[in-house]
Amino acid sequence: MNWLGIRLPVLLAVLACAALGGGLFAWLLTRGIDAPYLVGVVVGVGAAAVSRERSGMRGVWCGVFSVWAGAIAQRLAGPYATVSLFGFASTLTWGRAALFSLGAALAAAIGSRGLRRPR
Amino acid sequence: MSLFTSALAAGAFFFCADFAYTLDHYLVHHDRERYRRTHGRHHRRYNGAKDAPQLDEYELTTYTSAAIVSMATMSALSLMTGNFGFFAGALAKYVHSLVLHLYQHRWWGPVPLRKQNLGRPRRHWGFVSARTHAFHHSHPDDVTFTYAETWAGFDRILEWAHPHLVRFTADARRSRGAEAS
Ligand SMILES: [Zn+2]
Ligand SMILES: [Zn+2]
C-alpha cells in the first residue's frame with residue numbers, strides 16, 4: 001500500500017477506465033447526448049472488476065477520478081469544448097451538476113466493491 | 001469567485017476536517033486494539049528521550065495519505081463549484097498538522113516528556129497550542145481532553161458528550177461482548 005491507499009495496478013486500471021469512460025462521454029456529447037454519469041459507471045465497474053476485497057478508499061478515488069475525467073473529456077470535444085477547466089463549474093446547470101454527482105456516487109459505490117473471486 | 005467565498009469554503013473544510021480528526025482521535029483512544037496497532041506508537045515515541053528523526057516514516061505516511069485523499073476530494077469539489085477555497089482548506093489543514101507536530105518537538109529532548117511536568121492545560125475554547133499537544137503525548141488519557149488539533153472547543157464538546165458517546169466506542173462494545181459471553 002502506498003500514500004494513496006490503493007495498490008498501483010488497481011490505480012492504473014482506474015486511470016485507464018477514467019480515460020475510457022471520459023472518451024465515451026465525449027463521443028456521446030458530439031452526438032448530442034449528455035450522460036456524464038457514464039464515466040462513473042465505467043470507472044466503478046473497472047475498479048471493482050480488478051479488485052478482490054472491499055475498500056472504501058478505492059471508492060473515494062473512483063469518485064474523484066470520474067469527476068476529473070468527465071471535466072477533462074468535455075473540454076476535449078462537444079459543445080463545452082470552448083470552456084476552460086477553470087470555468088468547468090459554469091457549464092453545470094443544476095441538472096448537469098446532479099448528473100455529475102450521480103456519476104461520482106456510482107463510481108464510489110461500485111468501485112469500493114471487489115468483484116474478482118478471492119484466491 | 002470572491003476572496004470572501006474562497007476563505008469561507010477553506011474555513012468550512014478546515015473546521016469539518018478538524019472535527020473529524022478530533023473525533024477519530026477520541027475513538028482511537030477508546031479502542032485498545034486499534035490503539036496498540038496504530039496510534040499508540042506515536043505516544044510511546046515521544047515519552048522516551050529523543051532518539052529518532054522528527055517525523056518518522058509512519059507519521060509522515062499517515063498525515064500525508066490523509067492529506068492526499070482530502071486534497072483529491074476537495075479538488076473535485078472545487079472543480080464542480082468553481083470555488084478553489086475547498087482545495088486551499090485541505091492544503092492548509094495538512095500544513096497545520098505538520099507544523100503543530102514539528103513544533104511540539106520542542107518538548108522532545110534528552111529529558112522525557114513526563115519528567116518535564118508540563119502541567120495540565122486549562123479547559124478553554126480557544127486554539128490548541130503545541131504545548132497542549134505535547135502534554136497529550138505524555139498524558140494520553142487525561143481527564144481534560146486534549147484530542148483536538150486546532151480548536152479546543154471540540155475537546156469541550158467531547159467532554160460533554162463523553163458519557164453518552166463512550167457507549168459506542170470499540171472498547172465499550174468489546175466489554176459488553178465479554179460480559180454477554
Ligand atoms: Zn501527536
Ligand atoms: Zn493521541
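Residues numbered from 1 in each chain as written. Chains lettered and ligands numbered in written order. Predicted model: local features only at pLDDT ≥ 70, side-chain atom pairs only at ≥ 80, totals over all residues. Heavy atoms only, no water.

Looking only at helices and strands, chain A has 4 helices and 0 strands in total. Sequence-ordered secondary structure for chain A, helices as α and strands as β, is α-α-α-α. The C-alpha radius of gyration of chain A comes to 14 Å, within 12% of the 14 Å expected for a compact globule of 119 residues. Over its C-alpha atoms, taken along the principal directions, chain A stretches across nearly 45 × 25 × 20 Å. By the burial criterion, 43% of the 119 residues in chain A qualify as buried. A separation threshold of at least 6 residues defines the contact pool for chain A, and within that pool the share at least 24 residues apart is 73%. (Helix = DSSP H or I, 4+ residues; strand = E, 2+ residues; numbered from the N terminus. Rg over C-alpha atoms; globule rule 2.2 N^0.38 Å. Buried < 20%, exposed > 50% of the residue type's maximum accessible area, 1.4 Å probe, protein only. Contact = heavy atoms within 4.5 Å.)

All names here are of chain B. Taken together, His25 (NE2), His29 (NE2), His39 (NE2), His43 (NE2) and His136 (NE2) make up the protein donors of the zinc ion (ligand 2), found 2.1 to 2.2 Å from the metal. Linear spacing of the donor residues for the zinc ion (ligand 2) on their chain is H-x3-H-x9-H-x3-H-x92-H. Here the zinc ion (ligand 2) and the zinc ion (ligand 1) are spaced 5.8 Å apart. One end of the pair, His39, and the other, His43, are both in helix 2 (residues 32-47), 4 residues apart, so they sit about a helical turn from each other. (Donors = N, O, S within 2.8 Å, 3.2 Å for Na, K, Ca; no water.)

Take the packing of helix 1 (residues 3-28) of chain B against helix 6 (residues 153-165) of chain B next. Residue and element names in this part refer to chain B. With their axes 11 Å apart at the nearest point, helix 1 and helix 6 run at an angle of 45 degrees to one another. One finds that helix 1 runs oblique with respect to helix 6. Considering the relative orientation of helix 1 and helix 6, their crossing is right-handed. Across the interface between the two elements, Phe15, Asp18, Phe19, Thr22, Leu23 and Tyr26 from helix 1 touch Phe154, Asp155, Leu158, His162 and Leu165 from helix 6. Across the contact of helix 1 with helix 6, the residue classes tally to 7 nonpolar, 2 polar and 2 charged. (Axes fitted to C-alpha atoms, helices over the stretch in contact; angles between N-to-C directions. Parallel < 35°, antiparallel > 145°, perpendicular 65-115°, else oblique. Left-handed = near helix turned anticlockwise from the far one by under 90°. Nonpolar A, V, L, I, M, F, W, Y, C, P; charged D, E, K, R; others polar.)

Here we come to the coordination of the zinc ion (ligand 1). Angles at a metal have ideal values that depend on geometry: 109.5 degrees with four tetrahedral donors, 90 or 180 degrees with six octahedral donors. All names here are of chain B. Around the zinc ion (ligand 1), the protein contributes the donor atoms His42 (NE2), His101 (NE2), His133 (NE2) and His137 (NE2), which lie 2.1 to 2.2 Å from the metal centre. Around the zinc ion (ligand 1), the 4 donor atoms sit at angles spanning 87 to 177 degrees, and that spread fits a shape best called irregular. All donors to the zinc ion (ligand 1) come from one chain, and their sequence spacing reads H-x58-H-x31-H-x3-H. (Tetrahedral: all angles 85-135°; square planar, octahedral: opposite > 155°, others 65-115°.)

Further remarks concern the environment of Gln74 of chain A. Residues and elements named next belong to chain A. When you line up the elements, Gln74 lands in helix 3 (residues 56-76). Classification of Gln74 by relative accessible area gives buried; the value is 3%. Discounting residues that sit within four places of it in the chain, Gln74 has contacts with Phe25, Leu29, Tyr80, Ala81, Phe88, Thr91, Arg96 and Phe100.

Before going further, it helps to spend a moment on the nonpolar core. Ranked by internal contacts, the top residues of the largest apolar core, which has 30 residues, are Val14 and Phe88 of chain A. When contributions to this core are tallied by element, the ones reaching two or more residues are helix 1 (8-30), helix 2 (37-49), helix 3 and helix 4 (94-111) of chain A together with helix 3 (57-81) of chain B. Counting residues per element, this core draws most heavily on helix 3 of chain A, which supplies 8 residues. With sequence-adjacent residues up to four places away left out, Val14 of chain A is seen in contact with Val43, Ala47, Cys62 and Phe65 of chain A. Among the nonpolar cores identified, the runner-up in size contains 11 residues, and Phe13, Met71, Tyr94 and Leu98 of chain B belong to it. (Core = buried A, V, L, I, M, F, W, Y, C linked by side-chain atoms within 4.5 Å.)

Enumeration according to the criterion identifies 14 aromatic pairs over all chains in this entry. Ring centres 5.1 Å apart and planes at 80 degrees place the aromatic pair Phe88 of chain A and Phe100 of chain A in the edge-to-face group. Taken together, the positions of Phe88 of chain A in the loop between helix 3 and helix 4 and Phe100 of chain A in helix 4 put the pair 12 residues apart, joining distant regions of the chain. By the burial criterion, Phe88 of chain A is buried, and Phe100 of chain A matches it. Feature note: the residues Phe15, Phe19, Trp125, Trp151 and Phe154 of chain B constitute an aromatic cluster, connected by ring pairs. Positioned above the aromatic ring of Phe14 of chain B, the side-chain terminus of Lys93 of chain B is 5.0 Å from the ring centre. Geometry around Tyr21 of chain B places Lys93 of chain B over its ring, the cationic atom sitting 5.7 Å from the centre. (Phe/Tyr/Trp six-rings, centres within 6.5 Å; stacked < 30°, edge-to-face > 60°. Lys NZ or Arg CZ within 6 Å of the ring centre and 35° of its normal.)

Two numbers describe a pair of packed helices, the interaxial angle and the distance between the axes. All names here are of chain B. With their axes 7 Å apart at the nearest point, helix 1 and helix 4 (residues 85-104) run at an angle of 45 degrees to one another. One way to sum up the angle between helix 1 and helix 4 is to call them oblique. Our pair here, helix 1 against helix 4, has a crossing hand that is right-handed. Between helix 1, through Ser6, Ala9, Ala10, Phe13, Phe14, Ala17 and Asp18, and helix 4, the contact on the second element is made entirely by Gly85, Phe86, Gly89, Ala90, Ala92, Lys93 and His96. Its residues placed into classes, the contact of helix 1 with helix 4 shows 8 nonpolar, 4 polar and 2 charged.

A word on the environment of Tyr80 of chain A. Residues and elements named next belong to chain A. Mapping Tyr80 onto the fold places it in the loop between helix 3 and helix 4. A sequence separation of 38 residues divides Tyr80 from Pro118, and the C-alpha atoms of the two residues are 43 Å apart. Those residues within four positions of Tyr80 in sequence are excluded, and the remaining contacts are Leu29, Asp34, Gln74, Thr91 and Arg96.

Turning our attention to the pattern of salt bridges. Residue and element names in this part refer to chain B. Taken as a whole and assessed by the stated rule, the structure comprises 16 salt bridges over all chains. One salt bridge in this structure joins Lys93 and Glu149, with 2.9 Å as the shortest N-O distance. Taken together, the residues Lys93 in helix 4 and Glu149 in the loop between helix 5 (130-138) and helix 6 connect sequence positions 56 residues apart. Its relative accessible area of 1% is what places Glu149 among the buried residues. (Salt bridge = Lys/Arg side-chain N within 4 Å of Asp/Glu carboxyl O.)

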